[in-house]
Amino acid sequence: MQRCINCLYYENHPFGITFKNGICSGCITHKEKYSLDWLTAENQLLELIDHKTKNNKSTYDCVIPVKGDAEDYFVVSKILKYNLKPLIIVINNYFLNEIGWYNIHNLITHFDVDSIIYNPDIDIYKEMVRTTLRKYENLYIPSHILYTSFPVHTAINKKIPLIIWGQLQSVEQTGKFSHYDKVEMSRWNRREHDLLGLELDEILGTGAQINQLKVDFYNYPHSSELKNVLGIYLSNYFLWDPLKQNNSTLKYGFKPQNNTNSFDVYERSGCSVYYKLHDLLKLKKYNYKKVTDQLVREIRHNRIELNDANRINNQYLKEEVYIDDFFEWLGVTKTGMDWFIKHKLTNYSHLIGKDNNNIKNTINIGNFLKKGEISKHSYLKYYKGI
Ligand SMILES: [Zn+2]
């Protein structure tokens, strides 16, 4: 299998990757960051915002979907500097621990912004998770579906003209598009990069015990409803440097989290499953983990050498993950979990750990890393009326 001579990516990256003289499209697109005129790009952004909001009659200028990540803090701080009035949309994917919820509440109160927290029907949501885990060995699809559709429905319903997203991963990771293309939000983009190339009815298909009438917000709006709403990605308009940006959000009170499977304490801080079963399934399918994406990013930003990154990556690929709490949350018995390990994680059972917080020493990169918090309450319950 072909591997980039500059970074750690192989040709099987799920977003799609191409090679030129041994260098991957992600590394080639990354180089644009150093030749692009970012001042002009920011002016283009300001013109676009002005054009979309000048006749706006809604209370809000834009919707900002958030997960409680450091990136959300960065996006909100940027947008507020332009004197825009955002509506923050939080999708409760039921995976957050106490650090994740703290980061969401702190974001809303620190920046003093209006917000909507959407708590999807928990039984339907869990059935979706069970279904996608069984069919695609992916537990994150239902969360991606809602995160990429509910904010769009909200913008349409409230007649808010803009949706502001942070990074466009298909540009940042594999360079599928150029920064110059200024790719916008679309149903196609969502299907290709968030939903494994699938639409909702294919995902549910047969076998899911779900009433189709109850999944309204999981469906992407029809294109006729979308004509007045524009979704843009800020990473097309700034020299996007996640580690540096995320580090800068500590001043707003963002709490990083230490975890066993990555040095990056910012990205997906507060999530109970991302660096655990989700990562293990990614390793099984694509032979890499989230930390691989993060090391590739650091190689490209010249903060780590390829050889060191490769060595650290190999260490993390051998790291154990704790999965008991996920199956407990899903309501699966010990026998069910054992069946899943035996049949779905056949060659990976040695990577299933018994300790939730066995944090080893980690690396430091360009002084942008700080010691994170340790989570004590996975899958913190936050439902309607609580
Ligand atoms: Zn590369």
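Along each chain, residue indices are assigned from 1 in the same order as the chain's sequence is written. Given that the model is predicted, a residue must reach a pLDDT of at least 70 before its local features are reported, and side-chain atom pairs must reach 80 or more before they are shown or counted; all residues, however, enter totals for whole chains, interfaces and linings. Only hydrogens and water are set aside; all other atoms, that is, all heavy atoms of the structure, feed into the side-chain values.

K.L.:
Help me understand unusual backbone geometry, please; the structure alone is not making it clear to me.
P.N.:
Residues apart from glycine generally show negative phi values, whereas peptide bonds are mostly found in trans. At Asn83, a position not held by glycine, the phi torsion is positive, near 60°. Helix and strand labels come from DSSP, where a helix needs a run of H or I of at least four residues and a strand needs a run of E of at least two; each type is numbered from the N terminus. Following the sequence through the fold, Asn83 ends up in the loop between helix H3 (70-81) and strand E4 (86-91). Although it is not a glycine, Arg268 sits at a positive phi angle of roughly 60°. Looking at the secondary structure, you find Arg268 in the loop between helix H10 (242-248) and helix H11 (277-286).

K.L.:
Before we go on, may I ask you to explain the coordination of the zinc ion in this structure?
P.N.:
Four donors placed tetrahedrally around a metal ideally meet at 109.5 degrees, and six donors placed octahedrally ideally meet at 90 or 180 degrees. Protein coordination at the zinc ion: the donors are Cys4 (SG), Cys7 (SG), Cys24 (SG) and Cys27 (SG), at 2.3 Å from the metal. In this analysis a donor is any N, O or S atom within 2.8 Å of a metal ion (3.2 Å for sodium, potassium and calcium), and since water is not included, sites may seem incomplete. Binding-site remark: the zinc ion is held by donors from one chain whose sequence spacing is C-x2-C-x16-C-x2-C. Of this pair, Cys4 sits in the segment before strand E1 (19-20) while Cys27 sits in helix H1 (residues 25-31), and the two are 23 residues apart along the sequence.

K.L.:
Help me understand the sheet that holds strand E6 (residues 162-165) in this model?
P.N.:
Two pairing modes exist for strands in a sheet, parallel and antiparallel, and in both the strands are linked by backbone hydrogen bonds. Any two strands with at least two DSSP-identified bridges between them are counted as paired. Taken in spatial order, the 5 strands line up as E5-E4-E3-E6-E7 in an open sheet, and their pairing is parallel. Each edge of the sheet is formed by a strand with only one pairing partner; in this case those strands are strand E5 (114-118) and strand E7 (230-233). Adjacent strand axes in the sheet meet at a mean angle of 25° when their direction is disregarded. Bridging between strand E3 (residues 62-66) and E6 involves 2 bridges; their strand directions are parallel. Within E6, the position partnered with Cys62 by the bridge is Leu162. Residues count as neighbours in contact if any of their non-hydrogen atoms are within 4.5 Å of one another. Every axis in this analysis is a line fitted to C-alpha atoms, fitted for helices over the stretch in contact. Angles between the N-to-C directions lie between 0 and 180 degrees. Contacts from H3 reach E3, E4 and E6, with the element oriented near 165° to E3. Its contacts with the sheet place helix H6 (residues 141-157) against E3, E4, E5 and E6, and it is angled at close to 145° to E4.

K.L.:
Could you clarify how one ought to interpret the packing of aromatic side chains in this entry?
P.N.:
Each pair of aromatic rings is reported with the distance of its centres and the angle of its planes. Ring pairs shown here join Phe, Tyr and Trp side chains whose ring centres sit within 6.5 Å, with only the six-membered ring taken for Trp; geometry is labelled stacked below 30 degrees between planes, edge-to-face above 60, and tilted in between. Tallying each qualifying case throughout the model produces 24 aromatic pairs. Ring plane angle 5° and centroid distance 4.1 Å describe the contact between Tyr118 and Phe150, whose orientation is recorded as stacked. With a gap of 32 residues between them, Tyr118 in strand E5 and Phe150 in helix H6 connect regions that are remote in the sequence. Summary of the burial criterion: residues with accessible area below 20% of their type's maximum are buried, those above 50% are exposed, and those between are partly exposed, where the area comes from a 1.4 Å probe applied to protein chains only. By relative accessible area, Phe150 is classed as buried at 7%. Between Trp329 and Tyr379 the ring centres are 5.6 Å apart and the planes differ by 20°, which places this aromatic pair in the stacked class. Taken together, the residues span a long stretch of sequence, with Trp329 in helix H14 (residues 324-330) and Tyr379 in the segment after helix H15 (334-344) at a distance of 50 residues.

K.L.:
Looking at this structure, I do not really get empty space enclosed by the protein. What am I missing?
P.N.:
Once rolled over the atoms, a probe with the size of a water molecule shows which space is left empty. Every definition here rests on a 1 Å grid over the protein atoms only: cavities are sets of points where a 1.4 Å probe fits but cannot get out, pockets are open sets enclosed by protein on both sides within 12 Å along at least five of seven lines, and lining residues have some atom within 4 Å of a point. Grid points are joined across faces, edges and corners, and a volume is the space filled by probe spheres set on the points. Per the stated rule, a full pass over the model turns up 2 cavities of 30 Å³ or more. As a volume, the largest cavity reaches approximately 170 Å³. Taken together, 17 residues form the lining of the largest cavity, with Gln167, Glu172, Gln173, Asp293 and Arg297 sitting closest to its centre. Elements represented by at least two residues in the lining of the largest cavity include exactly helix H7 (169-172) and helix H12 (290-300). Nonpolar residues are Ala, Val, Leu, Ile, Met, Phe, Trp, Tyr, Cys and Pro. Charged residues are Asp, Glu, Lys and Arg, and all others, Gly as well, are polar. Residues that form the lining of the largest cavity fall into these classes: 4 nonpolar, 6 polar and 7 charged. Taken together, 14 residues form the lining of the second largest cavity, with Lys67, Asn93, Leu96, Tyr140 and Arg268 sitting closest to its centre. Of the residues that constitute the lining of the second largest cavity, the class distribution is 6 nonpolar, 5 polar and 3 charged.

K.L.:
Explanation requested: the nonpolar core in the structure shown.
P.N.:
In globular proteins that are soluble, nonpolar side chains generally tend to be buried together. Only buried residues count toward a nonpolar core. Its members are Ala, Val, Leu, Ile, Met, Phe, Trp, Tyr and Cys residues joined through side-chain atoms within 4.5 Å. By size, the foremost hydrophobic cluster in this structure holds 68 residues, and its most contacted members are Phe95, Leu139, Leu277, Phe326, Trp329 and Leu345. Listing elements by their share of this core, those giving two or more residues are E4, helix H5 (122-136), H6, E6, helix H9 (200-204), H11, H14 and H15. The element contributing the most residues to this core is H6, with 8 residues. Residues contacting Trp329, with those up to four places away along its chain left out, are Tyr94, Phe95, Ile122, Tyr125, Lys126, Val129 and Tyr379.

K.L.:
Help me out: how do you make sense of the pairing of E3 in this one?
P.N.:
Side-chain direction in a regular strand flips from residue to residue, so the side chains alternate between the two faces of the sheet. Burial analysis of E3 places 5 of its 5 residues in the buried class, the great majority of the element. Neither face of E3 is exposed, since Cys62, Ile64 and Val66 on one face and Val63 and Pro65 on the opposite face are all buried. Once you follow E3 into H3 and on to E4, the crossover reads as right-handed. When the strands point away from the viewer and the path from the first strand over the helix to the second turns clockwise, the crossover is right-handed.

Purely spatial values, then, with no claim about function.
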